[in-house]
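Fold and contact review
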Amino acid sequence: MAKRKNNSQRKPNKNRKRHGENNKPHHSVRKNQVNPHGSKKGQKTVTAEVTCKGFTSNGQGLVDWEGKEIEVPYLLPGETAEVAVTTNGKFINTKVKRVIKPSEDRVKPPCRYYFKCGGCQIQHMSNEAQGRFKQQTINQLMKPFVKPEKVLTMDHPYDYRNKNHTTYGLNKDRQIIGGLYAQNTHRIFDMEKCLIHDPKADEINQTIKGMMKSFKMQPYNEDTRQGFLRHVLIKVGKISGEIMVVLVAASPIFKGKNNFVKALRKEHPEISTILLNVNDRDTSIVLGGQEKVLFGKGTITDTLCGMKFEISPKSFYQINPVQTEKLYGRAIEMAELTGQDTVIDAYCGIGTIGLVASQKAGKVIGVELNNDAVRDAIRNSKRNGVNNARFYQGDAGEFMVQMANRNEKADVVILDPPRSGSDEAFLSSVVKLKPKRVVYVSCNPETQARDMKYLVKNGYDVEEIQPVDMFPQTYHVESVAKLVRKFVNR
Ligand code: SAH
């Protein structure tokens, strides 16, 4: 079983996956590998004419070349193209030079940073083709179980992210820039607007960029460890309209902070709260330990599935609320609640799934590792007048082992682990607790399939799988599966 990872706010690394909490590189034997040492020794580039025969699970084209299957980014099945293939025998890197015969599914990516950024991987596919690609990927992964249902896609597959990080730095001309990291690099490129971000968040980022100049605020430099502002994290309540701005700085000494906050609020009266987060460590994690509220209450609230949720800077909240309602709706249906059941909401974050389920359950027990998220979950149950839900801080696996050892009872286990999936401690305890149903929500169907294999070996049947497109324009697909216990009297 894979090791668990905490849901820390991480700065994108070289294998940056925009929505994931853990940037595990996609497993594939056919990687479009780049020489990690950057060495040009023994390296040669040839131009090959290839025809794309399929997709990899991360949305790249798959072609045969010199007896090998290799990945070609931005190439679609059926397309013929001239491709530059660079190799030194160990590493293969490919780049489309010219598409000779384009696919009908090919569209001009609407984002002008698309090929530079890498945060989105399938914007060159029509929306319809993106849906087919995701369906194909999930169907392939779930072959050992049941045929997944039709992917629930999004009508307007842009502007959906309710959270984003922007990193600040200087360009070659020592001008302040703010944006994302260029693909496979640690180099920031200046960005005005990301088409999947909330548009308001990018407007605020543009204002901050301009204000840094007038306030003589220096961006932080990771190499020299000089400067002040590292990142800005913005969270938006899509329904409530509330906005949180977190200035992540290298030092707690913020000269002119009152004026800065005043000026930012003047430009954007819609901002509900502003925080300073201090991160002075040499780390890839975005948020540091110290937090100070500069304006407002330090959290925002949003409405999801008709309930109100309070969200802190560090707690996890699904980034696409429109699709989350569809996902949770299916998860609750799959749980088949009777009003009497004891439901475990494992990896519960701020308690969203559990609190929505509590309306149809006897009792809900939530467990979550992140302290801030647990505090939010407890507040959220009070705020929504829920009195049949309890939330606990801890490792979900350890918590379940304790429950199993105490012979406690659970009718339904809902789990929603991070990308790395669950672990043996958790899954073996589920088997001991013998819930009638397990509803497995996952942002990484590969680890979901791995964990479901364990449950299937140990007495469960997979009855339904519902894929949901939570992350349009990226290759990611979310999936919720219903597992039922085979032998009721075991
Ligand atoms: N169910 C929630 C959160 C899902 S994200 C929602 O839909 O919003 C996964 C959550 O698992 C994160 O909040 C993360 O902090 C938490 N987590 C990660 N590792 C964990 C562990 N070992 N035990 C319990 N929770 C964990």
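Everything numeric here is computed off the predicted structure, so don't read it as measured data.

In this approach a probe as big as a water molecule rolls over the atoms, and the regions it shows empty are the leftover space. The computed volume of the second largest pocket comes to approximately 580 Å³. What lines the second largest pocket is a set of 23 residues, among which Gly-169, Leu-170, Ile-188, Tyr-220 and Asn-221 lie closest to the centre. Going through the elements one at a time, strand E6 (163–170), strand E7 (176–181) and strand E9 (229–236) are the ones with two or more residues in the lining of the second largest pocket. Of the residues belonging to the lining of the second largest pocket, the class tally is 7 nonpolar, 10 polar and 6 charged.

This brings us to the UniProt feature "active site" (unreviewed entry) in the chain. With numbering aligned to this structure, UniProt lists the feature "active site" (unreviewed entry) at Cys-443. Position of Cys-443 relative to the elements: it lies in the loop between strand E19 (437–442) and helix H10 (445–457).

The final tally for this structure, using the stated rule, is 10 aromatic pairs. Seen in terms of ring centroids, Tyr-113 and Phe-189 are 5.5 Å apart; in terms of plane orientation they differ by 40°. Their pairing is tilted. In this pair, Tyr-113 is assigned in the loop between strand E5 (92–101) and helix H1 (114–117) and Phe-189 in strand E8 (residues 188–190), connecting sequence segments 76 residues apart. When its relative accessible area of 8% is taken as the criterion, Tyr-113 is described as buried. Judged by centre distance (5.4 Å) and plane angle (35°), the rings of Tyr-392 and Phe-399 are tilted. On the basis of relative accessible area, Phe-399 is assigned to the buried category, the value being 13%. One aromatic cluster is present, formed by Phe-215, Phe-228, Phe-254 and Phe-260 through successive ring pairs.

Domain annotation for the chain reports domain 1 (28–117), domain 2 (137–154 + 319–485) and domain 3 (163–304). With centres defined by C-alpha atoms, the gap from domain 1 to domain 3 works out at 35 Å. Contact with domain 1, which involves 8 residues of that partner, is made by 10 residues of domain 3. With both sides pooled, the region where domain 1 packs onto domain 3 buries about 720 Å², and carbon together with sulfur makes up 59% of that total. Looking at the side of domain 1 facing domain 3, the largest losses of area belong to Tyr-113, Lys-116 and Cys-117, adding up to 65% of the total buried there. Viewed at the interface, domain 3 and domain 1 are joined by 1 salt bridge. Between Arg-112 and Glu-192 there is a salt bridge; the shortest N-O distance is 3.4 Å. For the pair domain 1 and domain 3, the number of links is 6 residue pairs in polar contact (both at pLDDT 80 or more). Across the side of domain 1 that touches domain 3, the residue classes tally to 6 nonpolar, no polar and 2 charged.

Let us now look at the side chain of Thr-299. Within the element layout of this structure, Thr-299 appears in the loop between strand E12 (290–295) and strand E13 (300–304). Assessed through its relative accessible area of 5%, Thr-299 is described here as buried. Polar side-chain contacts of Thr-299 include one of 2.7 Å to the side chain of Glu-310. Beyond its immediate stretch of four places on either side in the chain, Thr-299 contacts Met-244, Thr-273, Glu-310, Ile-311, Ser-312 and Arg-379.

Per the stated rule, a full pass over the model turns up 0 disulfides. With no disulfide of its own, Cys-111 has Cys-194 as its nearest cysteine by sulfur position, at a separation of 6.3 Å. The exposure class assigned to Cys-111 is buried, which follows from its relative accessible area of 14%.

Unlike most non-glycine residues, Tyr-347 shows phi in positive territory, near 60°. Structurally, the position occupied by Tyr-347 is in the loop between strand E15 (342–346) and helix H6 (352–358).

Of all 7 residues making up strand E10 (residues 243–249), 7 are buried, and the element is well covered by its neighbours. Side-chain alternation along E10 places Ile-243, Val-245, Leu-247 and Ala-249 on one buried face and Met-244, Val-246 and Val-248 on a second face that is also buried. Between E9 and E10, which pair antiparallel and follow one another directly, the connecting turn spans 6 residues, one of which, Gly-241, has a positive phi of 80°. Each parallel crossover has a hand, and for E10 linked through helix H4 (residues 257–267) to strand E11 (residues 273–278) it is right-handed.

How each quantity is defined
- Residues numbered from 1 in each chain as written.
- Predicted model: local features only at pLDDT ≥ 70, side-chain atom pairs only at ≥ 80, totals over all residues.
- Heavy atoms only, no water.
- 1 Å grid on protein atoms, 1.4 Å probe; cavity = no way out; pocket = protein on both sides within 12 Å on 5 of 7 lines; lining within 4 Å.
- Points joined across faces, edges and corners; volume = space filled by probe spheres on them.
- Helix = DSSP H or I, 4+ residues; strand = E, 2+ residues; numbered from the N terminus.
- Nonpolar A, V, L, I, M, F, W, Y, C, P; charged D, E, K, R; others polar.
- UniProt positions renumbered as here; feature names shortened; annotations may be inferred.
- Phe/Tyr/Trp six-rings, centres within 6.5 Å; stacked < 30°, edge-to-face > 60°.
- Buried < 20%, exposed > 50% of the residue type's maximum accessible area, 1.4 Å probe, protein only.
- Domains from an automatic or database assignment.
- Contact = heavy atoms within 4.5 Å.
- Buried area = accessible area lost by both parts, 1.4 Å probe.
- Salt bridge = Lys/Arg side-chain N within 4 Å of Asp/Glu carboxyl O.
- Polar contact = N/O pair within 3.5 Å; in protein donor to acceptor, adjacent residues only side chain to side chain.
- Disulfide = S-S within 2.5 Å.
- Pairing = 2+ DSSP bridges.
- Right-handed = clockwise from strand over helix to strand, strands pointing away.

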